[in-house]
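Coordinates in review
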Amino acid sequence: PNLIYIIVLFSHNKSYGLLVPRLWVKMMTQHLRRISIACCHRSFGSKPHVSKVKPMLLETTVDWSSLPTVKLRGKRFLLGSESPNVPEFLSPPRDGFPPVYVPADDGEFSPEAWAAAARDVSRGVVDGRGAGAALFRNIPLNTAKDFSRFVNSLGLKPMSYEGGAAKRNAVEHNVDTASTEHPAMSIEPHNEMSYTNYYPEKIIFYCQEPAEPGKGGESVMVDVREILRKLDPEVVDKFRQLGIRYHRYLPAHGEFFHG
């Protein structure tokens, strides 16, 4: 017997299932091929098709020469700053690191929509191109709530700060203060939670209110892969052979420890 096929025909508000012999299917297929060109751009939904505009982020160049100088050598509460080998001032960002992205236009979009654009940069540039980091500027995120909506729409799996060495206050869902240390303290470049067995793959910072020039607040971004290449190979091999042990001193009170 001839095999039976099921064909579903779509109209504006109904669908019909028909049982037809194979010969009918062949004839209908030929007929559909003749009209396919005329129908390929037609919308069969009950509402007209509306294309959705999405925000875009474009890579740009930044003139960093206007940045104020940041003193390093002799800086109080900066470990090792008294050494003559420490540069006198913090070096400005080099060309291309970090890559900087800004909105392509002034369109109004939700934090979730901006997250989709940032996710493309993260996958294509931070991970795919191996840049390791990216700086987004002028994305219209005005509150901690906006930032929370943004980060929770990036498609990343959040983790808690359990076991972290610093004191942080929860602000919004998956958003904490970066630090509550005394303003005089300097936080050296480091790998986030590297002293734990489970450390984050990515960390995202958001600046809601920039510090005034000369008031500190710098968030220094460093490519630790480059630092590893510059280290003495014998020292690196010793760490790899022996491993590392952390001893943490947590005083009950102190002017410069968590307020």
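Quick caveat: nothing in here was measured; it's all calculated off a predicted structure.

Reading guide: rules and limits
- Residues numbered from 1 in each chain as written.
- Predicted model: local features only at pLDDT ≥ 70, side-chain atom pairs only at ≥ 80, totals over all residues.
- Heavy atoms only, no water.
- pLDDT = per-residue confidence, 0-100.
- Contact = heavy atoms within 4.5 Å.
- Pairing = 2+ DSSP bridges.
- Helix = DSSP H or I, 4+ residues; strand = E, 2+ residues; numbered from the N terminus.
- Axes fitted to C-alpha atoms, helices over the stretch in contact; angles between N-to-C directions.
- Core = buried A, V, L, I, M, F, W, Y, C linked by side-chain atoms within 4.5 Å.
- Buried < 20%, exposed > 50% of the residue type's maximum accessible area, 1.4 Å probe, protein only.
- Right-handed = clockwise from strand over helix to strand, strands pointing away.
- Polar contact = N/O pair within 3.5 Å; in protein donor to acceptor, adjacent residues only side chain to side chain.

**Focus on the confidence of the model for the chain**
A low pLDDT means the predicted coordinates there should not be read in detail. Within the chain, residue pLDDT values average 78, and 76% of them lie at 70 or more. Confidence drops under pLDDT 50 across residues 1–51; counting only partners more than four residues distant or on other chains, this segment forms 35 contacts.

**Some remarks on the sheet that holds strand β4 (residues 100–103)**
Within a beta sheet, neighbouring strands are joined by backbone hydrogen bonds and run either parallel or antiparallel to one another. In spatial order, the strands read β3-β4-β5; together these 3 strands make up an open sheet with mixed pairing. Each of the sheet's edge strands pairs with one partner strand only, and the pair in question is β3 (57–60) and β5 (135–136). Examined bridge by bridge, β3 and β4 share 4 bridges and lie antiparallel to one another. Paired with glutamate 59 across the bridge in β4 is tyrosine 101. Most of the contacts of helix α2 (residues 111–128) go to β3, to which it runs at about 50°, and overall it touches β3, β4 and β5.

**Observations concerning the nonpolar core**
The biggest cluster of nonpolar side chains holds 16 residues, and the ones touching the most others in it are Leu57, Phe147, Phe150, Val151 and Leu154. When residues of this core are traced back to their parent elements, those giving at least two are α2 and α3 (144–151). Top element by residues in this core is α2. It accounts for 6 residues. Setting aside chain neighbours within four positions, we find leucine 154 in contact with Ala115, Ala118, Arg119 and Ile204.

**Re the pairing of β4**
Sheet topology places β4 next to β5; 2 bridges connect them, and they run parallel. Looking across to β5, one finds that valine 100 is bridged to leucine 135. Taken together, β4, α2 and β5 form a β-α-β motif whose crossover is right-handed.

**Side note on the side chain of glutamate 192**
Assignment of secondary structure puts glutamate 192 in the loop between β7 (175–176) and α4 (224–230). Separated by 3.0 Å, the side chains of glutamate 192 and arginine 168 make a polar contact. Within polar-contact distance, the side chain of glutamate 192 engages the side chain of histidine 190 at 3.5 Å. Among all residues touching glutamate 192, those that are not within four sequence positions of it are Tyr161, Arg168, Tyr199, Pro200 and Ile203.

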